[in-house]
Number of protein chains: 2
Amino acid sequence: MTIPRLLVVDDDAEVRQMLTQFLRQNGAHVLPAASEHDIRRHMETGRIDLILLDVMLGDENGVKICERLRAEQDVPIIMVSALSADSDRMAGYAAGADDYIAKPFNTDLLLARIKAVLARARRSSSLAHRRRKQRFTFAGWVFDAKRDEVISPDGYQVALSRREIALLQVFLANPLIPLTRAEIAAALDLDGDGGADGQGRALDVLVGRLRTKIEADPKRPNLLRTERGVGYVLAVDVRSEDA
Amino acid sequence: MTIPRLLVVDDDAEVRQMLTQFLRQNGAHVLPAASEHDIRRHMETGRIDLILLDVMLGDENGVKICERLRAEQDVPIIMVSALSADSDRMAGYAAGADDYIAKPFNTDLLLARIKAVLARARRSSSLAHRRRKQRFTFAGWVFDAKRDEVISPDGYQVALSRREIALLQVFLANPLIPLTRAEIAAALDLDGDGGADGQGRALDVLVGRLRTKIEADPKRPNLLRTERGVGYVLAVDVRSEDA
DNA sequence: GGCTCTTGTAACAGGGCGTAACAAACCTGT
DNA sequence: ACAGGTTTGTTACGCCCTGTTACAAGAGCC
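Residues numbered from 1 in each chain as written. Chains lettered and ligands numbered in written order. Predicted model: local features only at pLDDT ≥ 70, side-chain atom pairs only at ≥ 80, totals over all residues.

### Details of the overall build of chain A
- Looking only at helices and strands, chain A features eight helices and 15 strands.
- Its C-alpha atoms give chain A a radius of gyration of 19 Å, within 12% of the compact-globule value 18 Å for 243 residues.
- Counting only C-alpha atoms and orienting by the principal axes, one finds that chain A spans roughly 60 × 45 × 30 Å.
- For chain A, the residues scored as buried account for 35% of the 243 residues in total.
- Within chain A, contacts between residues at least 6 apart in sequence are counted, and of these 54% link residues at least 24 apart. (Helix = DSSP H or I, 4+ residues; strand = E, 2+ residues; numbered from the N terminus. Rg over C-alpha atoms; globule rule 2.2 N^0.38 Å. Buried ≥ 20, exposed ≤ 12 C-beta atoms within 10 Å, placed from the backbone. Contact = placed C-beta atoms within 7 Å.)

If you want it as structure tokens, here you go:
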């Protein structure tokens, strides 16, 4: 329903960067990650449609990670590796990978395989996808994920832009827990982390805009509170129902 | 878990024989086939869990067959081919294959990939097999592919032009999946990709026209949604029946 | 109070997108 | 072939979305 969200896992920053850029140009949301810890953080923050997992992650072992992920969740995984021996491939498949690609690879072929895996996942689990929570209520507000609509406590319908909706969803998925700027930025596929860095106040501006639409008094936010030096929190609990 | 039923398609009797024997030794129920006709016969007779499809079938073309099968039914397909060029692989994936294996292959690896594909298909507890679709219903609308007719939720017949029908069909074939401008343009044989590029806003206009006919409120589309910077999605699921 | 670092926000700019209007191409029946 | 209607691509204009920048306000610390 939205743009596919890919998790690119590679400990080589250069490869990660290259892949991220290429995939973004082809219409995907890309969340870069370098370790199993990164993966889990992202999986908690937001929905992931597919993981592109490098096998050699420094001291971590991609195959093991794949096994663990597969045991816990049903997320499609494509393994990427410099090892092209049949035994390595078999290890990948045995660990539950949906596909196994040897480096160096043709980027267009990679794209084709990603699409194949995504298409298969979506074709078969469109029901499961729809079973995701569809309707959130918090502090009198109602957010309908199906129609991307927000209704204020006094019944007015409020128009949110796509970006604002995406941001709201990140918070709704993590009520009451403070999210760092980096986490939010990653979940939104925003490049620059703001704050300390010189560049990229996009997140602050975005939060501001959302506040003007859903805060009773944007000057004194009650819902989207600032955690100084850290990030933001959705300061109320959220009730979610299926559609 | 029941014994998987595989369809082995190869026009070379020797290869077919070898594969059949090997797979049977590994606990599969194998049905040999040599042509598209054979495939269809078997698909009608009984349940098939996976098709192992050779690309070169004498005068028949495996890729085309794969495309047709995929359009009609939701059966996992692994393509097998002596052609190992990236472009060949891509053609396979584009035709909807779940995996692509180049000959000669390691039989154990083949087994691993078969298991991987079967595992995923089983995990996603395949819905009913889809037959050739003649009639689509979505959000109350009915599209009859045979008569190129569209009927609105309140029973009125709506006249769509050729181009509009073609566009609608592209979306109906990919419900809930965001399609890039390029993909849609390619499917419609539209030359210029629009948006950032200088030329060719034909797609936007076409989408707009379809929206005026199909959307309750064209200003705020609920069916044909825009994915900014990417393309469009049909935002509702589609139920399709054979005529 | 000063100093510094962080956050809020107004203004701006670039680009994507919707759409009205126009013109060319395409039908269709005569 | 011709006339009238329909369909389809192009163009132009303007709105809206979104990231950037610059500056103001605030928070914390000494």
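### A closer look at helix 1 (residues 13–25) of chain A
All names here are of chain A.
- The terminal C-alpha atoms of helix 1 lie 18 Å apart, and with 13 residues this matches the ideal 18 Å at 1.5 Å per residue to within 8%.
- Against the buried residues of helix 1 lie strand 1 (5–9), strand 2 (29–33) and strand 3 (50–54).
- One or two steps after helix 1, the chain reaches Gly27, where phi turns positive at roughly 85°. (Expected span 1.5 Å × (residues − 1).)

### Digging into the sheet that holds strand 11 (residues 157–158) of chain B
Residues and elements named next belong to chain B.
- Taken in spatial order, the five strands of this open sheet run 11-10-9-8-15, and their pairing is antiparallel. Every interior strand has two partners, whereas the edge strands, strand 11 and strand 15 (239–241), have only one.
- Relative to strand 10 (residues 149–151), strand 9 (residues 141–144) is paired through three bridges, and the arrangement is antiparallel. Of the residues in strand 10, the one forming a bridge with Val142 is Ile151. (Pairing = 2+ DSSP bridges.)

### Topic: the protein's contact with DNA strand D
- In the vicinity of DNA strand D, 27 residues are found, and the nearest of them are Ser161 and Arg163 of chain A together with Ser161, Arg162 and Arg163 of chain B.
- Contributions of two or more residues to the surface near DNA strand D are made by helix 6 (162–173) and helix 8 (202–214) of chain A together with helix 6 (162–173) and helix 8 (202–214) of chain B.
- Taken together, the residues of the surface near DNA strand D break down into nine nonpolar, eight polar and ten charged. (Near = placed C-beta within 6 Å. Nonpolar A, V, L, I, M, F, W, Y, C, P; charged D, E, K, R; others polar.)

### As for unusual backbone geometry
- Of note, the amide linkage connecting Lys103 of chain A to Pro104 of chain A takes the cis form, showing an omega dihedral of -5°.
- With respect to the element layout, Pro104 of chain A can be found in the loop between strand 7 (99–102) and helix 5 (107–130).
- Of note, Asp189 of chain B is a non-glycine position whose phi angle comes to about 60°, a positive value.

### Focus on helix 4 (residues 86–94) of chain B
- When we look at burial in helix 4 of chain B, the residues that qualify are Arg89, Ala91, Gly92 and Tyr93 of chain B.
- In the stretch just after helix 4 of chain B, Gly96 of chain B is the one whose phi turns positive, near 105°.

### Regarding the packing of helix 6 of chain B against helix 8 of chain B
Residues and elements named next belong to chain B.
- Between helix 6 and helix 8, whose axes approach to 10 Å, the crossing angle comes to 90°. Taken as axis vectors, helix 6 and helix 8 run roughly perpendicular relative to one another. Contacts from Arg163, Glu164, Leu167 and Leu168 in helix 6 reach Leu206, Arg209, Leu210 and Lys213 in helix 8.
- For the contact of helix 6 with helix 8, the per-class residue count stands at four nonpolar, no polar and four charged. (Axes fitted to C-alpha atoms, helices over the stretch in contact; angles between N-to-C directions. Parallel < 35°, antiparallel > 145°, perpendicular 65-115°, else oblique.)

### With respect to the sheet that holds strand 14 (residues 231–234) of chain B
Residues and elements named next belong to chain B.
- Pairing is antiparallel across the open sheet formed by three strands, whose spatial order is 12-14-13. The sheet terminates laterally at strand 12 (179–180) and strand 13 (224–227), the two strands that pair on one side only.
- Sheet analysis places strand 13 next to strand 14, joined by four bridges and oriented antiparallel. Across the sheet, residue Glu227 finds its bridge partner in strand 14, namely Gly231.

### Structural notes on the nonpolar core
- Counting residues in each nonpolar core, the largest one holds 95 residues, and the members touching the most others are Leu52 and Ile78 of chain A together with Leu52 and Ile78 of chain B.
- The residues touching Leu52 of chain A, leaving out its near neighbours within four places in the chain, are Leu6, Leu7, Val8, Val9, Leu19, Ile78 and Val80 of chain A.
- Among the nonpolar cores identified, the runner-up in size contains 19 residues, and Leu168, Ala185, Leu203 and Ala235 of chain B belong to it. (Core = buried A, V, L, I, M, F, W, Y, C linked by C-beta atoms within 7 Å.)

### Focus on the domain arrangement of chain A
Residue and element names in this part refer to chain A.
- Looking at chain A, the domain boundaries give domain 1 (5–130) and domain 2 (135–241).
- The C-alpha centroid of domain 2 is placed 28 Å from the C-alpha centroid of domain 1.
- Tallying the contact residues gives seven residues for domain 1 and seven residues for domain 2.
- Counting only elements with at least two residues in the side of domain 1 that touches domain 2, the list comes to strand 2 and helix 2 (36–45).
- Residue composition of the side of domain 1 that touches domain 2, grouped by class: two nonpolar, four polar and one charged. (Domains from an automatic or database assignment.)

### Some points on the environment of Val158 of chain B
All names here are of chain B.
- Mapped onto the elements, Val158 comes out in strand 11.
- Separated by 55 residues in sequence, Val158 and Lys213 place their C-alpha atoms 7.3 Å apart.
- Apart from residues lying up to four places away in sequence, Val158 is in contact with Val150, Ser152 and Lys213.

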